[in-house]
Amino acid sequence: MLLLLTILSHRRRHKTTTLNNNSLSLVVIVILLLSCYASEACNEMDRASLASLSLNVSNLNWPSSGDCCFWEGVECDGNDQVIRLWLPTRGLHGFISPSFSSLTKLTQLNLSHNCLSDPLPDGFFSSFTTVQIVDLSFNCLSGPLPISDTLPISLQILDLSSNRFNGSIQSSFLWLAMNLRSFNVSNNSFNGKIPSSICRSDSPSVVILDFSYNGFQGPIGQGFGACEKMEVLRASFNFLSEPFPDDIYIAGALQEIILPGNKLNGPIGESIINLANLRILALFGNEFIGSIPNGIGKLFNLEQLLLHINNLNDKLPQSLTNCTNLKVLNLRVNNFVGELSALDLSKQQQLIIVDLGNNYFTGSMPTSLFSCKALNTIRLAINRLEGEILPNIGALQSLSFLSLSNNNLTNITGALQILRACKNLSTIILSKNFFGETMPNIESFEGFQNLQILAFGSCQLTGQIPNRLVEMTKLEVLDLSLNQLRGSIPGASSKPILPGLVRKLSFGRVPKGTYWTSKTGVVTNLEKLDLSGNNLSGKIPASLKNLHFLSYFNVVNNNLQGQLPAGGQFDTFSNSRYEGNPGLCGPILQRTCFSSSSIIQPLGSRRRSPNTKLIVGLLFGILFVIGVILTVLALCILSNRRILPQGDPDKVAMGTVSLNSTSGIPTEIG
């Protein structure tokens, strides 16, 4: 205070301009004095608790001193106690120490999307008597929840998802959490039974429950119906079994029931029609039996009906047409029957995806589908449909995916001419139809500007591959496997087009088999090229080594010849990828490749071989004549010796030497 009085008295003795400058200096000094006082404002126990956290966690950029209320992610109340610690996505590494629980006034804690590990300390939750939000999701926290720990009565949101927690969740852990609104423990390794005790008459606030992607097992216990405000129930991909508990159907606020990937069985109860607010019903990948409830049409708010991969049967209920807000209808891989053409979906103007594949539907395509202008995907594959594709389908200008494979459709040429009207089609899968028909001509493939996948496999089509196919610049997958096509691969010899068999698909469900891909220009992004099991001939183009992403290459059982390309990815492929091509050579195959001159030389030798034989034959003939003459001369000499026994011995020796020399000539020539 003395310093301030001195400054004020000093100010009176200066001019007005000096007064303004000194006023500014005064403000600065006061701020410095206040900041020095504020450095002591942070609660000592809270500062010690945060300091302990910084010792065990890296990447916390907190100073070693000063007011902790101004540290990053920290917020204090009027009493300088920490009430909020908000540090998501900071790249934090380490563990949470027991001293962290000293933050007794904490109301909000968010340490999500970091790399924190190890189990939580004992009493972690119960120590925060005023906490409302705890978000520890997307870390590496492990171990079971502390056995003696309980959630505080003040807690409203708890998110432990995407960690490594295990063990069971005890009922006592949830007993005091009467104000809990959201409970998310998805994507962990919890086991045991799902704690239905979380829903009690004295805890009516629960809105969201998520137990997905864990190891929970056994039945879903009774009790969830007590959560009168519950809007979301998720427990997908666990090991839940037995029938669906009926009391869930009295939780009238439910908007989402998402329980796929379990072993739930039994019928879907008729009481489900009580859930008038239901928007998503996802029960796929279970073992449900029976039919779809007849009153399902009373679920006017239903947007997604996902019942695929079950054992449901019978005909589809007519009331389904009343679900006018339906956007996704997926009933594939069940045992549904009936005339599909009788299904009326004309009121479903918001319908985007229809998948009724892998059932036993008969008849023709339902014409009511063609009035659903928002349709993007239609899959009716693997049924017993007949007839032709009708022109009305051209009204679906948003249609991009169409799969009608494994049916008994006819008139492939007409089908292509009709489908050209769907300008956004990127996938057409019509395999195992049109049996014995002729491959359409070039004109039939015009107009498919966005087509990426085209499948006509196992149709027993005859004729040739149209050149127009290899001119579709966006075409990535062409399935013409198991047909009776003849002729050559279009563009395989003259243009830089890569015909091949690709087993990798970007989307959809192309039937198993062999897929030919073709793209004009240089296909630099090709990853898998399988040309096996054909009658291809010629050399493997050396330009293929420029496919830097090529990870799979197979040309087994063809008639290819010449040297294998060297360099790039081709140095990584094993010799098993080239079997059944005796004309191929190269170091990988341990088969020597002959140069052009080496190959020509033997051919020239073969041309000269008849002259060589003639010369050798003449030599043998001459030598034979000479041998006969010498033999006759020798006999004459011997006969003269008998007449003239006293003849000159030198002549006798000369004759002997001459005979011996003659006998040695053939040996020398040979």
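Everything numeric in this text was worked out from a predicted model, so none of it was measured.

Basis of the calculations
- Residues numbered from 1 in each chain as written.
- Predicted model: local features only at pLDDT ≥ 70, side-chain atom pairs only at ≥ 80, totals over all residues.
- Heavy atoms only, no water.
- Helix = DSSP H or I, 4+ residues; strand = E, 2+ residues; numbered from the N terminus.
- Buried < 20%, exposed > 50% of the residue type's maximum accessible area, 1.4 Å probe, protein only.
- Contact = heavy atoms within 4.5 Å.
- Phe/Tyr/Trp six-rings, centres within 6.5 Å; stacked < 30°, edge-to-face > 60°.
- Lys NZ or Arg CZ within 6 Å of the ring centre and 35° of its normal.
- Polar contact = N/O pair within 3.5 Å; in protein donor to acceptor, adjacent residues only side chain to side chain.
- Disulfide = S-S within 2.5 Å.
- Pairing = 2+ DSSP bridges.
- pLDDT = per-residue confidence, 0-100.
- Salt bridge = Lys/Arg side-chain N within 4 Å of Asp/Glu carboxyl O.
- Expected span 1.5 Å × (residues − 1).
- Core = buried A, V, L, I, M, F, W, Y, C linked by side-chain atoms within 4.5 Å.

Novice: Would you mind going over the overall build of the protein chain with me for this structure?
Specialist: Scanning the protein chain from terminus to terminus reveals 8 helices and 42 strands. The buried share of the protein chain, reckoned over its 670 residues, is 44%. A separation of at least 24 residues holds for 57% of the contacts in the protein chain among residues at least 6 apart in sequence.

Novice: Whenever I open this one, the packing of aromatic side chains confuses me. Can you help?
Specialist: Each aromatic ring pair is characterised by the separation of its centres together with the angle its planes make. Throughout the structure, instances matching the rule amount to 14 aromatic pairs. Relative to phenylalanine 125, the ring of phenylalanine 124 has its centre 5.1 Å away and its plane inclined at 85 degrees; by these criteria the two rings are edge-to-face. Ring geometry for phenylalanine 211 versus phenylalanine 216: centroids 5.8 Å apart, planes at 90 degrees, classification edge-to-face. Of the residues examined, phenylalanine 211 reaches a relative accessible area of 0% and is grouped as buried. Looking at arginine 84, its charged tip hangs above the ring of tryptophan 86, at a distance of 4.2 Å from the centre.

Novice: Please explain the side chain of serine 444 as it appears in this structure.
Specialist: Along the chain, the position of serine 444 falls in the loop between β31 (427–429) and β32 (453–455). A distance of 3.1 Å separates the side chain of serine 444 from the side chain of asparagine 441, its partner in a polar contact. When residues no more than four places from it in sequence are discounted, the contact partners of serine 444 are Thr413, Leu416, Gln417 and Arg420.

Novice: I would appreciate a short explanation of the state of the cysteines in the present structure.
Specialist: Think of a disulfide as a covalent bridge from one cysteine sulfur atom to another cysteine sulfur atom. Within the structure shown, the criterion is met by 4 disulfides. In this model, cysteine 69 is linked to cysteine 76 through a disulfide, with the two sulfur atoms separated by 2.1 Å. Disulfide cysteine 69-cysteine 76: the torsion about the S-S bond is -95 degrees, which places it as left-handed. The exposure class assigned to cysteine 69 is buried, which follows from its relative accessible area of 13%. The residue that forms a disulfide with cysteine 199 is cysteine 227, at a sulfur-sulfur distance of 1.7 Å. With the S-S dihedral at roughly -105 degrees, the linkage between cysteine 199 and cysteine 227 falls on the left-handed side.

Novice: Please clarify how the pairing of strand β3 (residues 82–86) should be interpreted in this entry.
Specialist: Two faces belong to every sheet, and in a regular strand the side chains alternate between them. As judged from the 3 bridges shared by strand β2 (residues 74–76) and β3, these two strands associate in the antiparallel manner. By the bridge assignment for β3, glutamate 75 is matched with arginine 84. Between β2 and β3, which pair antiparallel in sequence order, lie 5 residues; one of them, aspartate 80, sits at a positive phi of approximately 60 degrees.

Novice: What should I look at first to understand unusual backbone geometry in this one?
Specialist: Residues other than glycine predominantly adopt negative phi, and peptide bonds predominantly adopt the trans conformation. Unusually for a residue other than glycine, aspartate 80 sits at a positive phi of about 60 degrees. Following the sequence through the fold, aspartate 80 ends up in the loop between β2 and β3. We classify aspartate 80 as partly exposed; its relative accessible area is 28%.

Novice: Is there a simple way to think about the confidence of the model for the protein chain in this case?
Specialist: Low-confidence regions, as indicated by low pLDDT, have predicted coordinates that should not be scrutinised in detail. Within the protein chain, residue pLDDT values average 80, and 74% of them lie at 70 or more. Ignoring residues within four places in sequence, the model shows residues 597–610, a span with pLDDT below 50, making 2 contacts including any to other chains. Low pLDDT, under 50, characterises residues 638–670; the predicted model gives this stretch 7 contacts beyond four residues in sequence or across chains.

Novice: What's the story with the environment of isoleucine 273 in this structure? I'm lost.
Specialist: Along the polypeptide, isoleucine 273 turns up in the loop between β18 (263–267) and β19 (280–282). C-alpha of isoleucine 273 to C-alpha of proline 293: the two residues are 20 residues apart in sequence and 8.2 Å apart in space. Beyond its immediate chain neighbours, meaning those up to four positions away, isoleucine 273 contacts Gly295, Ile296, Lys298 and Leu299.

Novice: Is there a simple way to explain the pattern of salt bridges in this structure?
Specialist: Any two side chains of opposite charge can pair, given that their charged atoms come close. Within this structure, the stated rule accounts for 8 salt bridges. The residue arginine 90 makes a salt bridge to glutamate 72 at a minimum N-O spacing of 2.8 Å. Highlighted residues: arginine 90 in the loop between β3 and β4 (93–94) and glutamate 72 in the loop between β1 (57–58) and β2, separated in sequence by 18 residues. Among the residues examined, arginine 90 registers a relative accessible area of 33% and is labelled partly exposed. Across the pair glutamate 256 and arginine 279 runs a salt bridge whose closest N-O atoms are separated by 3.0 Å. Of the two residues, glutamate 256 is situated in strand β17 (residues 256–258) and arginine 279 in the loop between β18 and β19; the sequence distance between them amounts to 23 residues.

Novice: Can you walk me through the environment of lysine 105 in this structure?
Specialist: Following the sequence through the fold, lysine 105 ends up in the loop between β4 and β5 (108–110). Along the primary structure lysine 105 and valine 82 are separated by 23 residues, whereas in three dimensions their C-alpha atoms are 6.4 Å apart.

Novice: Is there a simple way to explain helix α3 (residues 44–56) in this structure?
Specialist: Residues spaced three or four apart along an α-helix face the same direction, because each turn holds 3.6 residues. The end-to-end C-alpha distance of α3 is 19 Å, a good match for the 18 Å that 13 residues give at a rise of 1.5 Å each. Considered for burial, the residues of α3 that qualify are Asp46, Arg47, Ser49, Leu50, Ser52 and Leu53. Its buried side turned inward, α3 meets β1, β2 and β3. Where α3 begins, the side chain of asparagine 43 points an oxygen toward the backbone nitrogen of methionine 45, at a separation of 3.0 Å.

Novice: Is there a simple way to explain the pairing of strand β12 (residues 189–192) in this structure?
Specialist: Sheet analysis places strand β10 (residues 164–167) next to β12, joined by 2 bridges and oriented parallel. Counted as the bridge partner of asparagine 166 is serine 189 from β12. Where β12 and strand β14 (residues 215–218) come together, 2 bridges link them in parallel fashion. Following the sheet pairing, glycine 192 is matched in β14 by phenylalanine 216.

Novice: Honestly, the nonpolar core in this entry has me stumped. Any pointers?
Specialist: One recurring pattern in soluble globular proteins: nonpolar side chains tend to sit buried together. Counting residues in hydrophobic clusters, the biggest one holds 133 residues, and the most contacted among them are Leu85, Phe183, Leu209, Phe224, Ile257 and Ile393. Listed by contribution, the elements that provide at least two residues to this core are α3, β2, β3, α4 (171–174) and α5 (412–419). Top contributing element to this core by residue count: α5, with 5 residues. Apart from residues lying up to four places away in sequence, phenylalanine 224 is in contact with Ile194, Pro195, Ser196, Ile198, Cys199, Leu209, Phe211, Met230, Leu233, Asp247, Ile248 and Ala251. Core analysis: the second largest hydrophobic core is formed by 10 residues, Ile540, Leu560, Phe573 and Leu584 among them.

Novice: Sorry if this is basic, but what is going on with the side chain of serine 368 here?
Specialist: With respect to the helices and strands, the residue serine 368 is situated in the loop between β26 (360–363) and β27 (377–379). Each residue touching serine 368, except ones within four places of it in the same chain, is listed here: Leu343, Asp344, Leu345 and Ser346.

Novice: Can you help me understand α5 in this one?
Specialist: The element α5 is extensively covered by neighbouring structure, given that 6 of its 8 residues are classed as buried. Among the residues making up α5, those that are buried are Ile412, Gly414, Ala415, Leu416, Ile418 and Leu419.

Novice: Even after reading the chapter, I still don't get the environment of phenylalanine 237, so can you show me in this structure?
Specialist: Note that phenylalanine 237 resides in the loop between β15 (232–234) and β16 (239–243). Counting along the chain gives 21 residues from phenylalanine 237 to isoleucine 258, while the straight-line C-alpha distance between them is 9.8 Å. Setting aside its immediate chain neighbours within four residues, phenylalanine 237 contacts Tyr213, Asn214, Pro260, Gly261, Asn262 and Phe284.

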